[in-house]
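# Remarks on the overall topology
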Amino acid sequence: MDRRRALVIGASGTIAIFAVLLFLVGGRDVLAALRTADPQLVGFVVVAGLGWLACWSLMLRSILGTLDTQITVVRSFFVYAAAVFANNVTPFGQAGGEPVAALLISKVTDEPYETGLAGISAVDVLNVISSVTLILVSVSYYATTTTVGEAVQNAVVSAIGIVAGVSLVLGVSWRYRWSLVEVASKIVAATAGRLLPTSTLDFDLQDRAGRFFGHVETIATSPARLALVLGLSLAGWLLQGVALYLAFSALGYTIPVAVVLFAIPLGNLAGAAPLPGGLGGIEAAFVAILAPTTGIPAAIVTAAVLIYRGVIYWLPVGLGGLAAAAFGMDLTK
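None of the values given here were measured: they were computed from a predicted structure. (Residues numbered from 1 in each chain as written. Predicted model: local features only at pLDDT ≥ 70, side-chain atom pairs only at ≥ 80, totals over all residues. Heavy atoms only, no water.)

On to the side chain of threonine 293. Its location among the elements puts threonine 293 in helix α12 (residues 281–294). On the accessibility criterion, threonine 293 (11% relative accessible area) is buried. In this structure the side chain of threonine 293 is engaged in a polar contact, spanning 2.7 Å, whose partner is the backbone oxygen of isoleucine 289. A polar contact of 3.3 Å, which involves the side chain of threonine 293, links it to the backbone oxygen of leucine 290. (Helix = DSSP H or I, 4+ residues; strand = E, 2+ residues; numbered from the N terminus. Buried < 20%, exposed > 50% of the residue type's maximum accessible area, 1.4 Å probe, protein only. Polar contact = N/O pair within 3.5 Å; in protein donor to acceptor, adjacent residues only side chain to side chain.)

So this is what it looks like as structure tokens:
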């Protein structure tokens, strides 16, 4: 199935989720709330969104610098925006967009594909680490000031369980990486050999994997650079939190900062759904988390989430799409 066909299927799922969500919370009430939004505060949501993109693009630039790949600050911003665009137009979020983003980075920097893949993968892994930190700290603080609802408890436990499971799989895969690469390369070479005669594909794949693993090891052995990129990662999450807080403020409501901080990473877990960038699934997850924890009417929560996601999702889609076109790549094919 090509990417465009997958995009159409994912978009259909997105429309269905939005239809159900608006039916449940009241579509007219959501529209009425959106009409009352303060335009100036909505503008500040856009500024916070740009700040988030800037922080995470600096993460990518710093990690690529560790791999001796130089890229300017401005160029890294548009490259990362294009990478987020790739994530947002492919199902399963980062899992679907990472290979395309790696290809984009390789094209722009004139570096091997493995370098781009190592760079964007490191950004995603470090963002997961910082998001778990935010969840644990903010939920712990929230629990000292109010009763944590069962829904939030289940969400936190599920998030930690997912992260722990993925970490275990990654750890085992890394431990036996060479055995896995050897088996996978032989399977791919055998399959490709039926269509295209080649005697070196097996060794080529193992060589590329070796370069990729070497890049990952280089990133992991630079403590100062890791501290810097983790700080940038946290700053990006915090700016996303500022954007969500301002979205509620634009509608005349205030929500606890602790709720904002754990809602952002928890809600984004829905990005793993087979939807373009998690569109629809993430919005529904945010409403499910924020409505019971804030006590604000679901229609208002939905309106605030739509403002927030209108920036966090559509801003990189617009900027990244233009950047991808300028870089000479069609990431929707």
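Closest axis-to-axis distance for the helix α10 (residues 223–250)/helix α13 (residues 298–312) pair is 8 Å, and the angle between their directions is 140°. Classified by the angle between their axes, α10 and α13 sit oblique to one another. Considering how the two elements wind past one another, α10 and α13 form a crossing that is right-handed. Between α10 and α13, the residues in contact are Gln240, Ala243, Leu244, Ala247 and Phe248 and Val301, Ala304, Ile307, Tyr308 and Ile312, respectively. (Axes fitted to C-alpha atoms, helices over the stretch in contact; angles between N-to-C directions. Parallel < 35°, antiparallel > 145°, perpendicular 65-115°, else oblique. Left-handed = near helix turned anticlockwise from the far one by under 90°. Contact = heavy atoms within 4.5 Å.)

Quick look at the packing of aromatic side chains now. Applying the stated rule across the entire model yields 5 aromatic pairs. Ring geometry for tryptophan 52 and tryptophan 56: centres 5.7 Å apart, planes at 75°, overall edge-to-face. Taken together, the residues span about one helical turn, with tryptophan 52 and tryptophan 56 both in helix α3 (residues 39–66) at a distance of 4 residues. In this pair, the class of tryptophan 52 matches that of tryptophan 56, namely buried. Here the aromatic residues Trp52, Trp56 and Trp237 are joined through ring pairs into a cluster of three or more. (Phe/Tyr/Trp six-rings, centres within 6.5 Å; stacked < 30°, edge-to-face > 60°.)

The next point concerns the confidence of the model for the protein. The predicted coordinates ought not to be read in detail in places where the model reports low pLDDT. When the pLDDT values of the protein are averaged, the result is 78; 69% of them are 70 or greater. Looking across the protein, the model is least confident in helix α9 (residues 201–220), with a mean pLDDT of 57, and most confident in α13, with 93. (pLDDT = per-residue confidence, 0-100.)

A few words on unusual backbone geometry. At aspartate 110, a position not held by glycine, the phi torsion is positive, near 60°. Inspection of the secondary structure puts aspartate 110 in the loop between α5 (94–109) and α6 (113–145). Among the residues examined, aspartate 110 registers a relative accessible area of 69% and is labelled exposed.

Here we come to the pattern of salt bridges. Counted according to the given criterion, the structure contains 1 salt bridge. For arginine 309, the salt bridge identified is with glutamate 283, shortest N-O distance 2.8 Å. Here arginine 309 is found in helix α13, whereas its partner glutamate 283 is found in helix α12, with 26 residues between them in sequence. For the pair arginine 309 and glutamate 283, one class covers both residues: buried. (Salt bridge = Lys/Arg side-chain N within 4 Å of Asp/Glu carboxyl O.)

Let us look at the side chain of threonine 302. Structurally, threonine 302 can be placed in helix α13. A residue is classified by how much of its surface remains accessible, and threonine 302, at 1% relative accessible area, is buried. Other than its neighbours up to four places away in sequence, threonine 302 contacts Leu21, Leu22, Val25, Val30 and Val287.

Between α13 and helix α14 (residues 314–326), the least distance of the axes is 3 Å, while the angle of their chain directions is 20°. As judged from the angle between their axes, α13 and α14 are roughly parallel. Residues Arg309, Gly310, Val311 and Ile312 of α13 lie in contact with α14, whose contacting residues are Trp314, Leu315 and Pro316. For the contact of α13 with α14, a count of residues per class yields 5 nonpolar, 1 polar and 1 charged. (Nonpolar A, V, L, I, M, F, W, Y, C, P; charged D, E, K, R; others polar.)

Here we take up the nonpolar core. The nonpolar side chains of a soluble globular protein tend to be buried, and buried together. Among the nonpolar cores identified, the biggest contains 81 residues, and Tyr80, Phe248, Phe286, Leu290 and Tyr308 are the most heavily contacted of them. With near-sequence residues (within four places) excluded, tyrosine 80 lies in contact with Leu53, Trp56, Ser57, Leu60, Ile120, Val123 and Asn127. (Core = buried A, V, L, I, M, F, W, Y, C linked by side-chain atoms within 4.5 Å.)

Between its first and last C-alpha atoms helix α4 (residues 73–88) spans 22 Å; for 16 residues at 1.5 Å apiece the expected length is 22 Å, and the two agree. Burial within α4 is extensive, with 12 of its 16 residues counted as buried. Listing the buried residues of α4 in full gives Ser76, Phe77, Val79, Tyr80, Ala81, Ala82, Ala83, Val84, Phe85, Ala86, Asn87 and Asn88. (Expected span 1.5 Å × (residues − 1).)

Here the focus is the environment of leucine 232. Topologically, leucine 232 is positioned in helix α10. Separated by 177 residues in the primary sequence, leucine 232 and cysteine 55 place their C-alpha atoms 5.4 Å from one another. The contacts of leucine 232, once residues within four sequence positions are left out, are Cys55, Trp56, Leu58 and Met59.

Before going further, it helps to spend a moment on a nonpolar patch on the surface. A surface patch of nonpolar side chains, about 380 Å² in accessible area, is lined by Val20, Phe23 and Leu24. Following the sequence through the fold, valine 20 ends up in helix α1 (residues 3–25). (Patch = residues over 30% accessible without salt bridge, like charges linked within 9 Å, V, L, I, M, F, W, Y side chains within 5 Å. Areas by Shrake-Rupley, 256 points an atom, 1.4 Å probe, with all protein chains shown as cover.)

It is worth spelling out helix α11 (residues 257–268) at this point. Between its terminal C-alpha atoms α11 stretches 17 Å, which fits the 16 Å expected from 12 residues at 1.5 Å a residue. Burial within α11 is extensive, with 10 of its 12 residues counted as buried. Every buried residue of α11 is listed here: Ala258, Val259, Val260, Leu261, Phe262, Ala263, Ile264, Pro265, Leu266 and Gly267.

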